[in-house]
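Coordinate analysis (summary)
Below, each chain spelled out in residue letters.
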Amino acid sequence: NVFGNTIKPHNLTNKRLIPEMINTLKRLHFKFGHKRIVVDLQNVERVFPYPTVPIAGYIHYFREHLNVDFEFINVPTYLNKIHYLSPADINKTSTGTGTHFLDRIWLFHTSNDVHNLVNGFLSSIRKSCMVEEGVLLACEWGLNEIMDNVIQHSSQNVGFVMGQVLKESQTLKISIFDYGQGIFQ
């Protein structure tokens, strides 16, 4: 829903929300000239990494590259916890053996960042649920490949990632995003 310069998204669980948010941000900024956009998160009760990470990435892009100011209102506690409003930069975040890497949107810039995040994700996954070693090896390989591709091929030199374990369904959800040129460009 859009009212003036205010966007009111519903639960961050449906992938259709991504193009809706992108088109709304573009319309508010480019067509109507808004330099300040209000995001009312009152209706958000559930969050999955996809669409949450791409939307957080686009908000970051509009802030950093187009100087759009965002005001977030009615922010649920969980969205603050996962750093939805301001993704956690791995270089500026104190991490140690007790750091939980899941349920947080991370920003990464270098291959060293990828290494630290992948190791952190694997450690957190091991602590969160029982998985076979083959599954962890596949996760490690996939995360390294995809996140390294962001570093190697994105002209923007920034990527976003979030992992989430849904214990009740024994599901691991991971979303990786960059706002570079795209695979088909």
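Structure: see above.
Residues numbered from 1 in each chain as written. Predicted model: local features only at pLDDT ≥ 70, side-chain atom pairs only at ≥ 80, totals over all residues. Heavy atoms only, no water.

Turning next to the pattern of salt bridges. Applying the stated criterion across every chain, the model contains 3 salt bridges. Linking K8 and D40 is a salt bridge whose minimum nitrogen-to-oxygen distance equals 3.8 Å. Highlighted residues: K8 in the loop between β2 (6-7) and α1 (17-31) and D40 in strand β3 (residues 36-40), separated in sequence by 32 residues. Its relative accessible area of 19% is what places K8 among the buried residues. By relative accessible area, which is 8% here, D40 ends up buried. Across the pair R126 and E133 runs a salt bridge whose closest N-O atoms are separated by 3.9 Å. Judged by its relative accessible area of 45%, E133 falls in the partly exposed class. (Salt bridge = Lys/Arg side-chain N within 4 Å of Asp/Glu carboxyl O. Helix = DSSP H or I, 4+ residues; strand = E, 2+ residues; numbered from the N terminus. Buried < 20%, exposed > 50% of the residue type's maximum accessible area, 1.4 Å probe, protein only.)

Once that is clear, we can look at the sheet that holds strand β1 (residues 2-3). The 4 strands are arranged β1-β2-β3-β4 in an open sheet whose pairing can be described as mixed. Each edge of the open sheet carries a strand with a single partner, namely β1 and β4 (69-73). Pairing between β1 and β2: 2 bridges, direction antiparallel. Within β2, the position partnered with V2 by the bridge is I7. (Pairing = 2+ DSSP bridges.)

Here we take up the nonpolar core. One finds L12, I37, I55, F70, L79 and Y84 to be the most contacted residues of the largest nonpolar core, which totals 32 residues. Elements with a minimum of two residues in this core: α1, β3, α2 (49-66), β4 and β7 (159-166). (Core = buried A, V, L, I, M, F, W, Y, C linked by side-chain atoms within 4.5 Å.)

In the contact formed by α1 and α2, the axes pass within 9 Å of each other and the chain directions differ by 20°. In terms of axis orientation, α1 runs roughly parallel to α2. Of the two possible hands of crossing, α1 and α2 adopt the one that is right-handed. Contact residues: L17, I18, M21, I22, L25, K26, H29 and F30 in α1; Y50, P51, P54, I55, Y58, I59, F62 and L66 in α2. Its residues placed into classes, the contact of α1 with α2 shows 14 nonpolar, 1 polar and 1 charged. (Axes fitted to C-alpha atoms, helices over the stretch in contact; angles between N-to-C directions. Parallel < 35°, antiparallel > 145°, perpendicular 65-115°, else oblique. Left-handed = near helix turned anticlockwise from the far one by under 90°. Contact = heavy atoms within 4.5 Å. Nonpolar A, V, L, I, M, F, W, Y, C, P; charged D, E, K, R; others polar.)

All right, on to the packing of aromatic side chains then. Counted under the stated rule, the structure contains 10 aromatic pairs. Clustering of aromatic rings is evident, with ring pairs tying together F30, Y58, Y61, F62, F160, F177 and Y179. Over the ring of F48 we find K173, and its NZ or CZ is 4.5 Å from the ring centre. (Phe/Tyr/Trp six-rings, centres within 6.5 Å; stacked < 30°, edge-to-face > 60°. Lys NZ or Arg CZ within 6 Å of the ring centre and 35° of its normal.)

Right, let's get into unusual backbone geometry. Despite not being glycine, N67 has its phi angle at roughly 55°, a positive value. By the element assignment, N67 lies in the loop between α2 and β4. The backbone phi angle of Q170 is positive, close to 50°, even though this residue is not glycine. With respect to the element layout, Q170 can be found in the loop between β7 and β8 (171-177).

This part is about helix α5 (residues 133-153). Here α5 contains 21 residues, and its C-alpha end-to-end distance of 30 Å stays within 8% of the 30 Å for a straight helix at 1.5 Å per residue. Residues of α5 that are buried include every one of L136, C139, G142, L143, M147, V150 and I151, and no others. Considered in projection along α5, the buried side chains sweep an arc of 160° and stay on one side of the axis. Pointing more than 90 degrees away from the buried face of α5 are the exposed residues W141 and H153. Here the buried face of α5 lies against β6 (106-108), α4 (111-128), β7 and β8. (Expected span 1.5 Å × (residues − 1). Arc of directions from axis to C-beta.)

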